[in-house]
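Residues per chain, in single letters:
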Amino acid sequence: MNSIADLLAREPDPILFECVAGSVAYGTRVTGSDEDIRGLFAVPSHAYLDLVRPPEQVGDDRNNVVYYSLRRFVELLAGANPNILELLFMPEDCVRRTTPEMALLQTEARLFITKQCAKTHAGYAMTQIRKARGQNKWINNPKPEAAPGREDFDGRWRQQDSGELDFDAKNMM
C-alpha cells in the first residue's frame, strides 16, 4: 500500500484531514506552480496486528500529494517537524476536509510549540538556504557534459564564481 488510492481501496473513509499546502497556503502561487496536497489518515487498530505494518505515509511519486498516518503524524509532531506543525496552522480556505479529531489537535496546537521548534525550524531554514545556494552554483557554473581533460587545465586557478546572487527562491519561501 504505497498510494492513497491503495489506502482508500483497503480502508473505508480513512482520511482525517486534507489540505492544500505549499505556495497556495503561503500566498506565493504563480503560473505553473504545482498543487501540494497534505493529509492525515488513520487505519483501524487491528491493522497493527497484521504481519505487514501499516504504512507511515502514502503519496504520489513526486511528493506533491502526501498523507501521513496518525501514528507517524504524532511522532513527527513530538519531534517539532516543521512540515507537520504547519498542518496544525493551515488557513481555513486551504482545508478541504477535517474531522473532530484533527480539530482537537488544531485547538491545542500551542502545546506543540516548544523550544525544540526553534531548533528544527532554524535547521530547516538553513537547509533551504543551502539548497538555494547550491542551485545558484549550478545556474552560474553548470557542469560540463564530459569531465575535463588534462589539456583543459593551464596550471592556474581561475575565479569561476561570478559573484552574483541568483538564488532559486523556491527554497527560500
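Right, let's walk through the structure included here.

### A look at the overall build of the chain
- Across its full length, the chain holds six helices and five strands.
- Its helices and strands in sequence order give the chain the pattern α-β-α-β-β-β-α-α-β-α-α, from N to C terminus.
- Buried positions account for 30% of the 173 residues belonging to the chain.

### Some details on the sheet that holds strand β4 (residues 65-69)
- Pairing is mixed across the open sheet formed by five strands, whose spatial order is β3-β4-β2-β1-β5. Two strands close off the open sheet at either side, each with one partner strand: β3 (57-59) and β5 (95-98). Adjacent strand axes in the sheet meet at a mean angle of 15° when their direction is disregarded.
- Looking at chain direction, β3 and β4 are connected through three bridges and run antiparallel. Along β4, the bridge assignment pairs V58 with Y67.
- Lying over the sheet, helix α3 (residues 70-78) contacts β1 (15-21), β2 (36-41) and β4, oriented at roughly 90° with respect to β4.
- Packing of helix α5 (residues 100-107) onto the sheet brings it into contact with β1, β2 and β5, and relative to β1 it is tilted by some 60°.

### A look at the nonpolar core
- F17, F73, L88, M90 and M102 are the most contacted members of the largest nonpolar core, which totals 22 residues.
- Those elements that provide at least two residues to this core are β1, β4, α3, α4 (82-88) and α5.
- With sequence-adjacent residues up to four places away left out, L88 is seen in contact with F73, L77, M102, L105, Q106, A109 and F112.
- By size, the runner-up hydrophobic cluster in this structure holds nine residues, among which are I37, F41, A47 and Y67.

### Re the side chain of N64
- Residue position: N64 is located in the loop between β3 and β4.
- You can call N64 buried: its relative accessible area is 15%.
- Excluding anything up to four places from it in sequence, N64 contacts D34, E35, D36, I37 and R38.

### Thoughts on the pattern of salt bridges
- Enumeration over the complete set of coordinates arrives at six salt bridges.
- Residue E56 is joined to R72 by a salt bridge in which the shortest nitrogen-to-oxygen separation is 3.7 Å. Here E56 is found in the loop between β2 and β3, whereas its partner R72 is found in helix α3, with 16 residues between them in sequence.
- Here R71 makes a salt bridge to E75, at a shortest N to O gap of 3.9 Å. Here R71 and its partner E75 are both found in helix α3, four residues apart, which amounts to about one turn of the helix.

Cut-offs and rules
- Residues numbered from 1 in each chain as written.
- Predicted model: local features only at pLDDT ≥ 70, side-chain atom pairs only at ≥ 80, totals over all residues.
- Heavy atoms only, no water.
- Helix = DSSP H or I, 4+ residues; strand = E, 2+ residues; numbered from the N terminus.
- Buried < 20%, exposed > 50% of the residue type's maximum accessible area, 1.4 Å probe, protein only.
- Pairing = 2+ DSSP bridges.
- Axes fitted to C-alpha atoms, helices over the stretch in contact; angles between N-to-C directions.
- Contact = heavy atoms within 4.5 Å.
- Core = buried A, V, L, I, M, F, W, Y, C linked by side-chain atoms within 4.5 Å.
- Salt bridge = Lys/Arg side-chain N within 4 Å of Asp/Glu carboxyl O.

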